[in-house]
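# Secondary and tertiary structure notes
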Amino acid sequence: MKKDYLRVFDLSKDNFIFLINRAIELKSIKDYSKAPLIGRSIGMIFEKPSTRTRVSFEVAVYQLGGHPVYLSPRELQLSRGETIKDTAQVLSRYLDAIVIRTFSHSTIEEFARWSQVPVINALTNEHHPCQAMADMMTILEKKGKTEGIKIAYIGDGNNVANSLIEASALTRAKINIATPKGFEPLKDSVEKAKTLTEVTLLNDPYEAVIDADVIYTDVWLSMGEEGNNEKKEKFKNFQINSKLLKRAKPDAIVMHCLPAHRGEEITDEVLDGTQSVVLDQAENRLYTEKAILEFLLLL
Ligand code: CP
Ligand code: NVA
């Protein structure tokens, strides 16, 4: 049966941990001559902009010997009303897997329902599971373990937060989420995660970061929410700055999935500071994308 990766909880704990360790292994392999995906074509439909996800997937497919096929939604018949069902079934006849970035999570679920080949979520409004895998790989590299690590996520309870909560659960990291009231993460992610680890929802960023090993933030306005100044206003006290950072452990690392809105959710000083690991985190996307492709296509 084909496997999909639409949200972190699609994977078992063992498979998730296997994949972050495999990604660490792949990071050290610079000889691409094995080309395990030779003859395979991977479609990539992006309905929102992307720098890291698109490029890391294209390069990952190429380095594994496969052929990435970038499909602009404007140029697909989807833009003229062809159904997801028909598109998914037809593309399955040509492609060996499909990477999709779209709006509603139900769109990718519908696509996966009709696709005969693995579907990978490159971000929906509700989940960003590929990001969360690179996040956990980075934490494992920097801290030597994930179990018992204390993560403080400060900001919007968005796609990145939901996937980080699910990834924390599978790796037994503890997670505090500080959001303004009304911007909490998905109940479904939180409730399921709580059966596996400690998840604490707070409204005070200063309380959330006490003794944290990892401070994580993301934009206050996600793609599609641009210009919502009313929402942005509510996050004023949720900025990651040096004052907030001082409350965490002295060796805490600072993470951000990027792109950042410098001066809003994070200051330049912290983003460019010695505790920031955001570039390693972005680089690790390449290795986790490879691990995900191998797992869904070859194992
Ligand atoms: N972090 C992330 O997914 O970045 P892109 O939007 O550039 O892909
Ligand atoms: N929450 C952000 C993440 C971007 C990688 C968004 O959805 O725009």
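Reference entry: report on the structure contained in this document. Predicted model, so just to flag it, every value in this text is computed and none were measured.

### As for the site of ligand 1
Around ligand 1, the surrounding shell consists of Ser50, Thr51, Arg52, Thr53, Arg101, His128, Gln131, Cys257, Leu258 and Arg285. Within the side chain of serine 50, an N or O atom sits 2.6 Å from an oxygen atom of ligand 1. In this structure, leucine 258 approaches ligand 1 through a main-chain N or O atom, which is 2.8 Å from a nitrogen atom. Across the complex, the protein chains shield 96% of the 260 Å² of accessible surface that ligand 1 would expose by itself.

### Concerning the sheet that holds strand β3 (residues 97-101)
An order of β2-β1-β3-β4 is seen for the four strands of this open sheet, with the pairing classed as parallel. Either end of the sheet is taken by a strand with one partner, and the two such strands are β2 (67-71) and β4 (119-121). Averaged over all pairs of adjacent strands, the angle between strand axes in this sheet comes to 20°, irrespective of strand direction. Pairing analysis gives five bridges linking strand β1 (residues 41-46) to β3, with the strands arranged parallel. Considered in β3, the bridge of glycine 43 is made with isoleucine 98. Across the face of the sheet, helix α2 (residues 52-63) comes into contact with β1, β2, β3 and β4 while running at roughly 175° to β1. Sitting on the sheet, helix α4 (residues 105-114) touches β1, β3 and β4, and the angle it makes with β4 is about 165°.

### Some details on the site of ligand 2
The immediate surroundings of ligand 2 are formed by Leu123, Asn158, Asn159, Val160, Asp218, Val219, Ser222, Met223 and Leu258. Aspartate 218 is positioned such that a nitrogen or oxygen atom in its side chain is 2.6 Å from a nitrogen atom of ligand 2. The contact in question runs from a nitrogen atom of ligand 2 to an N or O atom on the side chain of serine 222, over 2.7 Å. Starting from 270 Å² of accessible surface for ligand 2 in isolation, the protein chains cover 94%.

Calculation notes
- Throughout this document, residue positions are counted from 1 along each chain, in the order its sequence is written.
- Lettering of chains starts at A and numbering of ligands starts at 1, both following the order in which they are written.
- Per-residue local features are limited, in this predicted model, to residues with pLDDT of at least 70; the limit for side-chain atom pairs, both in listing and counting, is 80 or more; totals at the level of whole chains, interfaces and linings are taken over all residues.
- With hydrogens and water excluded, all non-hydrogen atoms of the structure serve as input to the side-chain values.
- Distances are taken per atom, and a residue is near a molecule or strand as soon as one of its heavy atoms is within 4 Å of it.
- For the purposes of these results, a polar contact is taken to be a pair of N or O atoms within 3.5 Å, where, inside protein, one atom must be able to donate a hydrogen and its partner to accept one; residues adjacent in sequence count only when each atom of the pair is a side-chain atom.
- Accessible surface is estimated by sampling points in the Shrake-Rupley manner with a 1.4 Å probe; for residues, cover comes only from the protein chains shown.
- If DSSP finds at least two bridges between two strands, the strands pair.
- The secondary structure listing takes helices from DSSP runs of H or I that are at least 4 residues long and strands from runs of E that are at least 2 residues long, numbered from the N terminus.
- Axis definition: a line fit to C-alpha positions, over the contact stretch in the case of helices; interaxial angles, taken between N-to-C directions, run 0 to 180 degrees.
- Contacts are residue-level and defined by heavy atoms, with any inter-residue pair within 4.5 Å sufficient.

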